[in-house]
Amino acid sequence: MIHRRKVIAGLAVGAGGLLAGCDRLNESEGFRGLLRRGEDANLALQRLLINRNALAREYRPDQMSPIFRANGTRRPEGEAYAAQAAANFANWRITVDGLVANPLSLSMDQIRAMPARSQITRHDCVEGWSAIGKWTGPRLSLILDAARLQPAASYLVFHCADTLDGRPYYESIDLVDAFHPQTIMAWAMNDRVLGVPYGAPVRLRVERQLGYKHAKYVERIEAVASLDALYGGKGGYWEDVADYEWYAGI
Amino acid sequence: MANDAIEAQTAPARIYRHRLATRLWHWINAVSVIVLLGSGLMILNAHPHLYWGEFGANFDEPWFSVSMVFADGRVPGWLTIPSNYSLSAGRRWHLFFALVLGFGLLAFMVASLINRHFKRDLRVAREDVSPKHLAHDVREHLALRFHDPKRPARYNSLQKWSYILVVFVLLPLVILTGLTMSPGMNAAWPWLLDLFGGRQSARSIHFIVAMALAGFIVVHLALVILAGVWNETRSMITGWWRVPEHRPLEDKP
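Residues numbered from 1 in each chain as written. Chains lettered and ligands numbered in written order. Predicted model: local features only at pLDDT ≥ 70, side-chain atom pairs only at ≥ 80, totals over all residues.

### Overview of the overall build of chain A
1) Next: What chain A contains, in helices and strands, is seven helices and eleven strands.
2) Next: Classification of the 250 residues of chain A by burial places 42% in the buried group.
3) Next: Counting only contacts in chain A whose residues sit at least 6 apart along the sequence, the fraction spanning at least 24 positions is 68%. (Helix = DSSP H or I, 4+ residues; strand = E, 2+ residues; numbered from the N terminus. Buried ≥ 20, exposed ≤ 12 C-beta atoms within 10 Å, placed from the backbone. Contact = placed C-beta atoms within 7 Å.)

Structure representation (structure tokens):
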């Protein structure tokens, strides 16, 4: 039995060593690079398995969350946003620029006048929780068709009015998700004008990805060829600040 | 080598028990499952509540919260990978090793069909479903006798059922429920949501199955220790397993 006790002690030490080893590996830039290859593999696999136009599930009204949890910025700081909110966002504009043939500056009235899509979808946070709500707004593809993307454009960057720890929030998606039928610029939620905690006056819905991709308080959509030169270079606020995956379909 | 030769004269037969594919997969899978358990518990810390159904967040009623087990509501660092709180690092570990687990299991299944490991070692025989035989098997386990002396190379019935449960039920379930949590895969394979009753149900089942796998590991390690840790470990490294001496074979050569 002494022998067995030694083995069990050895296993315990081994388990502790394993965790310490994992922590050490986690600090190693080379190993983190290897783990990041997993993100590339997951993106490639999902693009292979998922039809470009395969839809996220849409739910019935009776399946909606009784209370939809607001997350991230609940109210952008600064006087500019406060003044916009006080004016019911009558002066809010979304500019569409970058690699486009026809740059746009759209008012909320113009956006609300566009043909809208309504969808009851599930919002999945990277943390693990989910909430189901109804979103209404024009398809992003309508806006992009009007702006006429240049051939070099590969990503759409969403610049937001909110900041977290002093850094502006932004997000980006590629053209597959940008032209997906359920990718909309939502200005209404649960049949009411979009509230401030949920991204008023307009936010992105990109239904086949996790919540942090769904940029709120959008004031500019920029078409770019590469994400390298923007902010931290990783294509989004959380990607830059906390090393979240750029592809959040998983 | 000389020692081995002397031992070989006195010790009972050695059996080539585990083929290369089995051994390779065992160790790759062991590493993957342990990393996935640790990083999975890290991810659970980001929202330490589980729900049934499609949705579930702070305003909804969880059926399980980590605070039921750990008073501060967080899985402690000695159980998580990494040990400090980092959702992004936990996810990178988890989603990398999930690929290793999934494709490893697929490769093992193909190899085990080709080399007939499944057919020879895991096929359910009549005795494996006989209550009398199973009761006998339980008594033998309680007496710490794990091998039928007449057929030492065979898996005993409880062992067989454990491996069948892990290979054909728990691992596929943990992979499928994991995929069900992916919003991308939900669009590709919407039947996943119907199969598990919604994303939050899938997340709950994922956790329950993961705990069952952790339970398997504990029992598995305990039995390896009881059955003879060096003999068992060596057999999973070299393939060669020495037939236990405590019940010598009657027709010893």
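### Observations concerning the overall build of chain B
1) Next: Helix and strand content of chain B: nine helices and four strands.
2) Next: Along chain B, helices (α) and strands (β) appear in the sequence α-β-α-β-β-α-α-α-α-α-α-α-β when read from the amino end.
3) Next: Taking the principal axes of its C-alpha atoms as reference, chain B extends roughly 70 × 40 × 35 Å.
4) Next: Counting only residues that meet the buried cut, chain B has 30% of its 253 residues in that class.
5) Next: A fraction of 69% describes how many contacts in chain B between residues 6 or more apart in sequence connect residues 24 or more apart.

### Structural notes on the domain arrangement of chain A
1) Next: Here chain A is described as being made up of domain 1 (2-46) and domain 2 (55-242).
2) Next: Computed from C-alpha atoms alone, the centre-to-centre distance between domain 1 of chain A and domain 2 of chain A is 37 Å. (Domains from an automatic or database assignment.)

### So, the sheet that holds strand β1 (residues 93-98) of chain A
All names here are of chain A.
1) Next: One open sheet holds the five strands; their spatial order is β2-β1-β11-β5-β6, and the pairing between them is mixed. The open sheet has two edge strands, β2 (104-107) and β6 (167-174), and neither has a second partner. Each adjacent strand pair in this sheet contributes to an overall mean axis angle of 20 degrees, direction not counted.
2) Next: Pairing of β1 with β2 involves four bridges; the strand directions are antiparallel. By the bridge assignment for β2, Thr95 is matched with Ser105. (Pairing = 2+ DSSP bridges. Axes fitted to C-alpha atoms, helices over the stretch in contact; angles between N-to-C directions.)

### Remarks on the interface of chain A and chain B
1) Next: With 45 residues of chain A at the interface, the matching set in chain B holds 38 residues.
2) Next: Put simply, the parts of the chain that give the side of chain A that touches chain B at least two residues each are α1 (2-27), α2 (29-49), β3 (117-124) and β4 (130-137) of chain A.
3) Next: Of all the elements, α1 of chain A adds the most residues to the side of chain A that touches chain B, at nine residues.
4) Next: Counted by class, the side of chain A that touches chain B contains 23 nonpolar, ten polar and twelve charged residues. (Nonpolar A, V, L, I, M, F, W, Y, C, P; charged D, E, K, R; others polar.)

### Regarding the packing of helix α6 (residues 157-180) of chain B against helix α9 (residues 199-237) of chain B
Think of two packed helices as two axes; the pair is described by the angle between the axes and how far apart they sit.
Residues and elements named next belong to chain B.
1) Next: The interhelical angle for the contact between α6 and α9, taken along N-to-C directions, is 150 degrees, at an axis separation of 8 Å. Between α6 and α9 the crossing geometry is left-handed. Along the contact surface, α6 presents Ser162, Val166, Leu170, Leu173, Val174, Thr177, Gly178 and Thr180, while α9 presents Arg199, Ala202, Ile205, His206, Val209, Ala210, Ala212, Leu213 and Phe216. (Left-handed = near helix turned anticlockwise from the far one by under 90°.)

### So, α6 of chain B
Residues and elements named next belong to chain B.
1) Next: Given a rise of 1.5 Å per residue, 24 residues ought to cover 34 Å, and the 33 Å separating the end C-alpha atoms of α6 matches this to within 8%.
2) Next: Inspection of α6 places Ser157, Leu170, Leu171, Val174, Thr177, Gly178, Leu179 and Thr180 among the buried residues, and these make up the whole buried set.
3) Next: Packing partners of the buried residues in α6 comprise α3 (87-114), α5 (131-142), α7 (183-188), α8 (191-196) and α9. (Expected span 1.5 Å × (residues − 1).)

### Some words on the confidence of the model for chain B
Residue and element names in this part refer to chain B.
1) Next: Per-residue pLDDT for chain B has a mean of 91; in total, 92% of the residues score no lower than 70.
2) Next: Between residues 1-9, whose pLDDT stays under 50, and residues either more than four places distant or in other chains, the model counts zero contacts.
3) Next: Note that residues 248-253 has pLDDT below 50 and, in this model, six contacts with residues that lie over four places away or in other chains.
4) Next: Here the predicted complex carries an ipTM of 0.93, next to a pTM of 0.92. (pLDDT = per-residue confidence, 0-100.)

### So, the sheet that holds β3 of chain A
Across a sheet, strands are paired by hydrogen bonds formed along the backbone, either parallel or antiparallel in direction.
Residues and elements named next belong to chain A.
1) Next: Taking strand neighbours across the sheet as the criterion, the four strands line up as β3-β4-β8-β9 in an open arrangement whose pairing is antiparallel. Of all the strands in the sheet, just β3 and β9 (192-193) have a single pairing partner and so form its edges.
2) Next: Both β3 and β4 contribute to a ladder of eight bridges, which runs antiparallel. Within the sheet, the bridge partner assigned to Arg117 lies in β4 and is Gly137.

### Here's the deal with the packing of α2 of chain A against α3 of chain B
1) Next: For the pair α2 of chain A and α3 of chain B, the least separation of the axes is 8 Å and the interaxial angle reads 60 degrees. Overall, the two elements α2 of chain A and α3 of chain B adopt an arrangement that is oblique. The hand of the α2 of chain A/α3 of chain B crossing is left-handed. Each of Leu35, Arg36, Gly38, Ala41 and Asn42 of chain A in α2 of chain A lies in contact with α3 of chain B, whose residues at this interface are Arg92, Trp93, Leu95, Phe96 and Leu99 of chain B.
2) Next: A breakdown of the residues in the contact of α2 of chain A with α3 of chain B according to their chemical character gives six nonpolar, two polar and two charged. (Parallel < 35°, antiparallel > 145°, perpendicular 65-115°, else oblique.)

### Focus: the nonpolar core
1) Next: Core analysis: the biggest nonpolar cluster contains 51 residues, and Leu156, Phe158, Cys160, Met185, Ala186, Val202 and Val218 of chain A have the highest contact counts within it.
2) Next: Broken down by secondary-structure element, the contributors of at least two residues to this core are β1, α4 (108-113), α5 (140-147), β5 (155-164), β6, β7 (184-186), β11 (218-224) and α7 (237-242) of chain A.
3) Next: Here this core takes six residues from β5 of chain A, the largest share from any one element.
4) Next: Formed by 29 residues, the second largest nonpolar core is a distinct cluster that contains Cys22 of chain A together with Ala89, Leu171 and Met181 of chain B. (Core = buried A, V, L, I, M, F, W, Y, C linked by C-beta atoms within 7 Å.)

### Quick notes on unusual backbone geometry
Residues and elements named next belong to chain A.
1) Next: Omega for the peptide link from Ala200 to Pro201 comes to 5 degrees, which places this bond in the cis form.
2) Next: In this fold, Pro201 is placed in the loop between β9 and β10 (203-205).
3) Next: Phi is positive for Asn190, which is not a glycine, with a value near 50 degrees.
4) Next: A positive phi angle, near 65 degrees, is found at Asp243, a position not held by glycine.
5) Next: Take Asp243: it is sitting in the segment after α7.

### Here we look at the pairing of β4 of chain A
In summary, the side chains of a regular strand alternate between the two faces of the sheet.
Residues and elements named next belong to chain A.
1) Next: Among the eight residues that make up β4, seven are buried, leaving the element largely enclosed by the rest of the structure.
2) Next: Hairpin geometry of β3 and β4 is characterised by an intervening segment of five residues between the two adjacent antiparallel strands and by a positive phi of about 125 degrees at Gly128.
3) Next: As paired elements, β4 and strand β8 (residues 188-189) share two bridges and run antiparallel to each other. Bridge pairing links Thr136 to Ala188 in β8.

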